[in-house]
Amino acid sequence: MNEFTSDVAFTPTVKAIQSRKGSRDSYARVEQRGGWRATITPDLAAFIEAQTSAFLATANADGQPYVQHRGGPAGFLKVLDEHTIGFADFAGNRQFITQGNLQDNDHAFLFLIDYMLRQRIKVWGRARVVENDPELTAKLMPADYKARPEQAILFTVTAWDANCPQHIPQRFEAVDVAAALAERDRRIAGLEQEIARLRGNAAAKV
């Protein structure tokens with residue numbers, strides 16, 4: 001049983017390194033104030049459900065880590081309650097590495113990054129694959145999304161932490177760029193029409 005929520009990441013070895021490199025005192029103060037959150041807050045829920053991309057990390061029984069990308073339309077990650085995130089697991093290359101890892105070792109990690117907002121969230125927890133539950137899979141499946149759900153994954157949150165935006169490049173979704181350019185073009189067209197109208201009025205007065 002961890003004394004602090006952050007102990008899921010700050011092992012004794014990690015804390016010894018923090019002490020040696022001078023950051024342990026600041027993190028100890030965070031721990032004394034309650035440490036990292038262990039429940040999904042409304043702000044975190046909104047952030048999670050706005051994402052179109054996520055990275056799910058697992059490890060096999062030997063400790064070999066593996067990271068797999070998961071993506072879909074905003075809302076493909078669903079917050080089911082203050083402890084649980086769920087998503088439909090779409091059919092892919094059928095290697096089933098994540099599923100095999102979780103069967104041997106249910107410890108998991110979600111890494112979420114919003115390049116536009118330059119914000120990243122780290123989520124520790126445990127995950128499990130749910131097969132043969134069409135009701136749950138249908139509940140998690142994004143509406144009108146052209147993908148075939150094979151099963152569901154439920155992620156139970158142990159702790160989470162937000163990182164600073166340092167070194168995150170700012171990038172924008174293609175759909176957002178297209179919308180901004182379309183709005184720019186509409187404004188340009190409106191201004192051109194207004195200029196033509198004003199020129200027409202000026203010419204009529206000559």
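Residues numbered from 1 in each chain as written. Predicted model: local features only at pLDDT ≥ 70, side-chain atom pairs only at ≥ 80, totals over all residues. Heavy atoms only, no water.

A.B. asks: What's the story with the packing of aromatic side chains in this structure? I'm lost.
C.D. replies: Within a pair of aromatic rings, the relevant descriptors are the distance that separates the centres and the angle that separates the planes. In total, this model carries five aromatic pairs according to the counting rule given. Arranged with centres 4.8 Å apart and planes meeting at 20 degrees, the rings of Trp 36 and Trp 124 form a pair that is stacked. With Trp 36 in the loop between helix H2 (24-32) and helix H3 (42-50) and Trp 124 in strand S6 (residues 119-130), this pair connects stretches of sequence that are 88 residues apart. Of the two residues, Trp 36 and Trp 124, both sit in the buried class. (Phe/Tyr/Trp six-rings, centres within 6.5 Å; stacked < 30°, edge-to-face > 60°. Helix = DSSP H or I, 4+ residues; strand = E, 2+ residues; numbered from the N terminus. Buried < 20%, exposed > 50% of the residue type's maximum accessible area, 1.4 Å probe, protein only.)

A.B. asks: When you look at the environment of Arg 148 in this model, what are you seeing that I'm missing?
C.D. replies: Among the structural elements, Arg 148 can be located in the loop between helix H5 (134-140) and strand S7 (149-163). Distance from Arg 148 to Asp 89, taken between C-alpha atoms, is 8.5 Å for residues 59 residues apart in sequence. Not counting residues up to four positions away in its chain, the partners in contact with Arg 148 are Asp 89, Phe 90, Ala 91 and Arg 94. (Contact = heavy atoms within 4.5 Å.)

A.B. asks: Please explain the pattern of salt bridges as it appears in this structure.
C.D. replies: Two side chains of opposite charge can pair, provided their charged atoms sit close to one another. Applying the stated rule across the entire model yields 10 salt bridges. Across the pair Glu 31 and Lys 15 runs a salt bridge, and its minimum N-O distance is 3.8 Å. Taken together, the residues span a long stretch of sequence, with Glu 31 in helix H2 and Lys 15 in helix H1 (residues 12-21) at a distance of 16 residues. For Glu 31, a relative accessible area of 4% corresponds to the buried category. A relative accessible area of 19% places Lys 15 in the buried class. Here Lys 122 makes a salt bridge to Asp 161, at a shortest N to O gap of 4.0 Å. Residue Lys 122 is located in strand S6, and its partner Asp 161 is located in strand S7; the two are separated by 39 residues in the primary sequence. Salt bridges sharing partners connect three or more residues here, namely Asp 7, Lys 15, Arg 24 and Glu 31. (Salt bridge = Lys/Arg side-chain N within 4 Å of Asp/Glu carboxyl O.)

Spatial relationships are all this shows, so hold off on functional conclusions.
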